[in-house]
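Fold and geometry: a report
Single-letter residue listing:
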Amino acid sequence: MFFWLDLIAVLGHPFAPHEGSWLIIEPTIAMGLALLGALYLYAVGPLRERHNWADHVERRYVVYFMSGLLLLFVSLQGPLHELGDYYLFSAHMVQHLLVTMIAPPLMLKGMPPWLIDRGLARRGVLPVARLLTAPLVAFFLFNAVFAVWHAPQFYQAALGRPEVHSLEHILFIGTAFLTWWPIFSPSARLPRAALPLQIVYLFAQTIVPTILGALI
C-alpha cells in the first residue's frame, strides 16, 4: 500500500530538495534537543556529585539516553524530515516509528533509577505519574493521540503548518514515554507491569496501528 502512495507522491512532485533544505537544521528543534541532552548530563554528572545521589553512573545509561536523543535529532531534521514532509508517505511513517517506538524506550533505559526517584519524591508528582503511567491510561492516551493525528484534516494541517507539526511530534513523543513506561520503567516506585500483563499490553498495542493502517 505504501509503495503506491509513495509512487503517487513522487510522480506528483519533482524529486528535489524542497527549497534546498536537505541539510537545513531547524534551530528550535536542535536547541531543544541540545538543552535536553545538556540537562541530562548535568543531572547525572555535577548535580549527582553535588548532592551525593549515587557513587557513579554506569556508562550504559548515558549510551542509551544519548542514542535515543540522537535518533530524535535524525528523525526530526534533515533528509528524513524532508522526505517525510514533501515526498514519501513511507518516510513519514518511519519518522513516526522512530520518535514513538525506538527513541523513547532508549531514553527510558538511559534514566538511572535514582534520578527518576528523585523526581517522583517531589510533592504531588507521584500520584499524577502513577495515574498517567497506569497501563490502561497510558495505552489510551498514546493510541488516541496517534489515531487523531492521522485523521486527514489533522494530518494535512501538520504538513502545512510547522508549528502544528511540532505540536504533533511533541504529543507523539510525550505519550510514547507514557505508553512505554509499563514495559521499561526504571523506577521501583512506579514499577513495570507484571510479565503476563506486558505480553497482553504489547499485543494490544499492535491492534490500533493495524486498524489505522488498514483505513489509510
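All of the points below concern the structure found in this document. Because the structure is a prediction, the values reported are computed rather than measured.

**A short note on the packing of aromatic side chains**
Counted by the stated rule, this structure contains seven aromatic pairs. Ring plane angle 65° and centroid distance 6.3 Å describe the contact between Phe139 and Tyr201, whose orientation is recorded as edge-to-face. Separated by 62 residues along the polypeptide, Phe139 in helix α8 (residues 135-148) and Tyr201 in helix α11 (residues 195-205) bring together distant segments of the chain. With centroids separated by 5.3 Å and ring planes inclined at 40°, the aromatic side chains of Phe146 and Phe172 adopt a geometry described as tilted. In this pair, Phe146 sits in helix α8 while Phe172 sits in helix α10 (residues 162-184), placing the two residues 26 residues apart along the sequence. By the burial criterion, Phe146 is buried, and Phe172 matches it. Put simply, the rings of Phe142, Phe146 and Phe172 pair up and form one aromatic cluster. Over the ring of Tyr64 we find Lys109; its NZ or CZ atom is 5.0 Å from the centre of that ring.

**Some points on the packing of α8 against α11**
Each pair of packed helices can be summarised by the angle the axes make with each other and by the distance between the axes. One way to put it is that α8 packs onto α11 with a least axis distance of 11 Å and a crossing angle of 15°. In this view, α8 runs roughly parallel relative to α11, as classed from their interaxial angle. The handedness of the crossing between α8 and α11 comes out as right-handed. In this structure, α8 contributes Pro135, Ala138, Phe139, Phe142 and Asn143 to the contact, and α11 contributes Leu197, Tyr201, Ala204 and Gln205. For the contact of α8 with α11, the per-class residue count stands at seven nonpolar, two polar and no charged.

**What to know about the pattern of salt bridges**
According to the stated counting rule, one finds three salt bridges in the structure shown. Among the salt bridges present, the one from Arg48 reaches Glu49, with a minimum N-O distance of 3.5 Å. Residue Arg48 is classed as buried on the basis of its relative accessible area, which comes to 8%.

**Description of α8**
Quick reminder: α-helices carry 3.6 residues per turn. Residues three or four places apart thus point the same way. Given a rise of 1.5 Å per residue, 14 residues ought to cover 20 Å, and the 20 Å separating the end C-alpha atoms of α8 matches this to within 8%. Among the residues making up α8, those that are buried are Ala138, Phe142, Asn143, Val145 and Phe146. End-on view of α8: buried residues confined to an arc of 160°, all on one side of the axis. In α8, the exposed positions that point more than 90 degrees away from the buried face belong to Leu136 and Phe140. On its buried face, α8 is in contact with α5 (89-109), α7 (125-132), α10, α11 and α12 (207-215).

Thresholds applied
- Residues numbered from 1 in each chain as written.
- Predicted model: local features only at pLDDT ≥ 70, side-chain atom pairs only at ≥ 80, totals over all residues.
- Heavy atoms only, no water.
- Phe/Tyr/Trp six-rings, centres within 6.5 Å; stacked < 30°, edge-to-face > 60°.
- Helix = DSSP H or I, 4+ residues; strand = E, 2+ residues; numbered from the N terminus.
- Buried < 20%, exposed > 50% of the residue type's maximum accessible area, 1.4 Å probe, protein only.
- Lys NZ or Arg CZ within 6 Å of the ring centre and 35° of its normal.
- Axes fitted to C-alpha atoms, helices over the stretch in contact; angles between N-to-C directions.
- Parallel < 35°, antiparallel > 145°, perpendicular 65-115°, else oblique.
- Left-handed = near helix turned anticlockwise from the far one by under 90°.
- Contact = heavy atoms within 4.5 Å.
- Nonpolar A, V, L, I, M, F, W, Y, C, P; charged D, E, K, R; others polar.
- Salt bridge = Lys/Arg side-chain N within 4 Å of Asp/Glu carboxyl O.
- Expected span 1.5 Å × (residues − 1).
- Arc of directions from axis to C-beta.

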